[in-house]
Amino acid sequence: MNARRIRIHVEGAVQGVGFRPFVYRQAVALGLCGWVRNCGSSVEIEAQGLSTAALVDRIQASHPPHASVACLQVEEIAAIDEQAFRILPSRPGEDVITVVPDLATCQDCRREILDPTSRFYRYPFTNCSQCGPRYSIVERVPYDRANTTMRGFAMCSECRREYGDPLNRRYHAQPTACSKCGPGLSLHGNATSADPLQLATKSLHDGQIVAIKGLGGFQLLVDASLSERVERLRQRKRRPHKPLAVMVRDIGEAREYCMVDAAEAHLLESAGAPIVLLTRRPGRLPDALAPDTGTLGVMLPATPLHLLLAQEFAGPLVCTSGNLSSEPICTDNEEAVERLGRIADVFLLHDRPIRRALDDSVARVIDGEPQLLRLARGFAPLPFPVRKGRQALAAGSHLKNTLSLCDSGRIIVGQHNGDLENSLSVDAMRQAGADLREFFGVRPAVVACDLHPDYASSVYARELKLPTVAVQHHVSHALACMLEHGLSEVLAVVWDGSGLGPDGTIWGGEFLQVDRTPSGVTWRRVAHLKQFRLPGGDAASKETSRCLAGAMWEVPELKGLVSSSARQLLERGLNSPVCSSAGRLFDAMAALTGLCAVQTYEGQGASRLEAAAGTQQSVDYQLSLAGGVLDWRDLLLAAHGDATSGVAAGEIAARFHAGLASGILSVALDSARKSVVLTGGCFQNRLLTELAVRRLREAGFEPVLARRIPPNDGGVSPGQLVATVEGVSNVSGHTG
Ligand code: ZN
Ligand code: ZN
Ligand code: FE
């Protein structure tokens, strides 16, 4: 007989995504016998018959959409006497732990939820093996129902039948449930039998603010079509200008308000279902949604609850994190009612516990491809393989904090924890750290943190009473991008607001040559933006005029125009730290053009500059490069001249962006590196990034952007781990 028996070992994202039933169906269709089972985080298969090779092909070519096969090994073994193909119970293994991020409602479930004849009609917790909650509800591995927050809900007979049927879409769908047996909605303070969903929808129509318990935490919803309703939410949330995201029913509705190209549509409809930043069509929705930018954050419903709300409200809804500005997102019913009581008029609750807080992710398309700006629901946890791992934790940055973990073979990036600006946020980060270590079973031997000792994240790292390694902020940014793209030799352009340099000054307009070699990471600061002082220190990050005064102080022709209050600080160098920050240079330009005097959130001035510049082609202001200093003084002088002679703010902003892009190219030309990484918060500016990318490409360089690890401070923690695990040294002479 020529029946062959093979053993297949599959690693990757293969659990919680319908992988075993897929293998089962293929094997049965091919007339094979054998079995499939989960083992640790991988899947093991034995198959016997005439077409075992076809099974391997199908696993590689057409595995379920949310699965990904990282490694597939096949070995031939002795045939045995066997009649059928079976799915065997999981075998605990010692493999690495993987878990799939939460998956947006699939098309099949969506159809059932909207079908009056389906038993899932209007059921807000419908899911299947291809969709539904994962990381937000799983307490520990292996991923079985008893290890999720669904363990309190006993399945009804029909759910149980589907769960046990290998040919059913809900075979081993751990969170499966229906209206008979699963979680249910309730309206806080309303004991009537009325439909909570209908009441919540009516409240939204009446202009009320509704807090809903979403997938990874509470969200605040309000009618997005009327300015005064949006403004009321802003007042109550104490968030005057920062952009608010909008949820719409489908791509068609998104297109009514924004331009949506193919890549953006794909991103909106992806299983991660992030908020996608889209170019707004003017005049369609209130400016109050995002007063400083030409974009709007739009998302499609990610869960059945959101789908039903969006369908039944039938209009755009603001959908923003359920928190007071800079506090962590609420996940617990009672906590939400208490903390959000002054914001929301109505609370739409449910009784499925949230295991860990996951905010909505934010992404956009830049240079034709997606880029994640906030790594959370649908994307976290995010693993990257590393050659030599070591048990370690990284505490990340102070703003947009994420934590990352390293085990023997991977760096795992955790979810967005927010800005560590108050004790609630810091507590939430501590919890996230404990959770991450426990969940992945990592006992860190070392904790990486930022060089800045006063970041709440650095304080946390020291609290853990383990050896710490302090990694320079911009080196971390660069290494995160190198990790993501597997690069070992780059010029990294790292531009952001601020990060402490080893020389004690504030860095933020950096050009670093970074190498990853088997003996460790080495880096050298090859250039930086010309330094200037920030009169008033931290106050300068809010009051842009301080940045402008500090920059003008460096230009002999403009020095005399600096106000006397700033002059007093600058003359004596009093509370006027030295910086090379690109972010602060943007702030100076926001002041010079009159576009933004006081910032109510980080990056507001830069957002307004970018929006004002539009996409018009423009002449460049000139920067000069000498001795590793990229000097912007001529730029400032020219911009100042333009402003006084009445050139429009938008034109000045455009020339400024173009000038910076040529400045970046001049440093790249000076360096011998082909790969040029563009990262740091400033490269969230699409105009700057696309201008720089285009010019670098035209000159033969290979520009590299952060794609899955955010370019902002959310990307700092994985970079810290690369430095710590691989070892890092500064080979620089130049710190000028
Ligand atoms: Zn589904
Ligand atoms: Zn049921
Ligand atoms: Fe940064």
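Whatever comes next refers back to the structure up there.
Residues numbered from 1 in each chain as written. Chains lettered and ligands numbered in written order. Predicted model: local features only at pLDDT ≥ 70, side-chain atom pairs only at ≥ 80, totals over all residues. Heavy atoms only, no water.

### Observations concerning the environment of V619
- Relative to the assigned elements, V619 resides in the loop between α18 (604–613) and β28 (624–626).
- When its relative accessible area of 51% is taken as the criterion, V619 is described as exposed.
- Linking V619 and L382, residues 237 residues apart in sequence, is a C-alpha distance of 41 Å.
- Apart from residues lying up to four places away in sequence, V619 is in contact with R655 and A658. (Helix = DSSP H or I, 4+ residues; strand = E, 2+ residues; numbered from the N terminus. Buried < 20%, exposed > 50% of the residue type's maximum accessible area, 1.4 Å probe, protein only. Contact = heavy atoms within 4.5 Å.)

### Focus: the coordination of the iron ion (ligand 3)
- Summarising the metal site, the iron ion (ligand 3) is bound by the protein donors H473 (NE2), H477 (NE2), D496 (OD) and D713 (OD), whose distances to it range over 2.0 to 2.2 Å.
- Taken together, the four donor atoms coordinating the iron ion (ligand 3) span angles of 86 to 169 degrees at the metal, a pattern that classifies the geometry as irregular.
- In terms of primary sequence, the donors binding the iron ion (ligand 3) are separated according to H-x3-H-x18-D-x216-D. Placement of the pair is H473 in helix α13 (residues 473–485) and D496 in strand β23 (residues 489–500), with a sequence separation of 23 residues. One exposure class covers both H473 and D496, and it is buried. (Donors = N, O, S within 2.8 Å, 3.2 Å for Na, K, Ca; no water. Tetrahedral: all angles 85-135°; square planar, octahedral: opposite > 155°, others 65-115°.)

### Structural notes on the packing of aromatic side chains
- This model, assessed by the stated rule, comprises 10 aromatic pairs.
- A ring pair is formed by F439 and F440, whose centres lie 5.0 Å apart and whose planes are at 75 degrees; its orientation type is edge-to-face. For the pair F439 and F440, one class covers both residues: buried.
- When the centroid spacing of 5.3 Å and the interplanar angle of 80 degrees are considered together, the rings of F532 and W632 count as edge-to-face. You can see F532 sitting in strand β26 (residues 532–533) and its partner W632 sitting in the loop between β29 (629–631) and α19 (633–644), a full 100 residues away along the chain. Neither residue differs from the other here; F532 and W632 are each classed as buried. (Phe/Tyr/Trp six-rings, centres within 6.5 Å; stacked < 30°, edge-to-face > 60°.)

### Re the pattern of salt bridges
- Inspection of every chain in the model, using the stated rule, returns 48 salt bridges.
- For the salt bridge of R4 with E76, the shortest nitrogen-to-oxygen distance reads 3.1 Å. Placement of the pair is R4 in strand β1 (residues 4–13) and E76 in strand β4 (residues 68–77), with a sequence separation of 72 residues.
- According to the relative accessible area criterion, R4 is partly exposed, its value standing at 31%.
- A relative accessible area of 51% places E76 in the exposed class. (Salt bridge = Lys/Arg side-chain N within 4 Å of Asp/Glu carboxyl O.)

### Some thoughts on the nonpolar core
- Grouped together as the largest cluster of nonpolar side chains are 75 residues, with contacts concentrated most on L268, L340 and V514.
- Tallying contributions element by element places α13 first for this core, with seven residues.
- Once residues lying within four places of it in the same chain are set aside, the contact partners of L340 are A211, F218, L220, G322, N323, L324, C330 and F347.
- In terms of nonpolar packing, the next biggest core, distinct from the first, is built from 64 residues, L534, M552, A639 and A692 among them. (Core = buried A, V, L, I, M, F, W, Y, C linked by side-chain atoms within 4.5 Å.)

Fair warning: the whole summary comes from geometry, so function is off the table for now.
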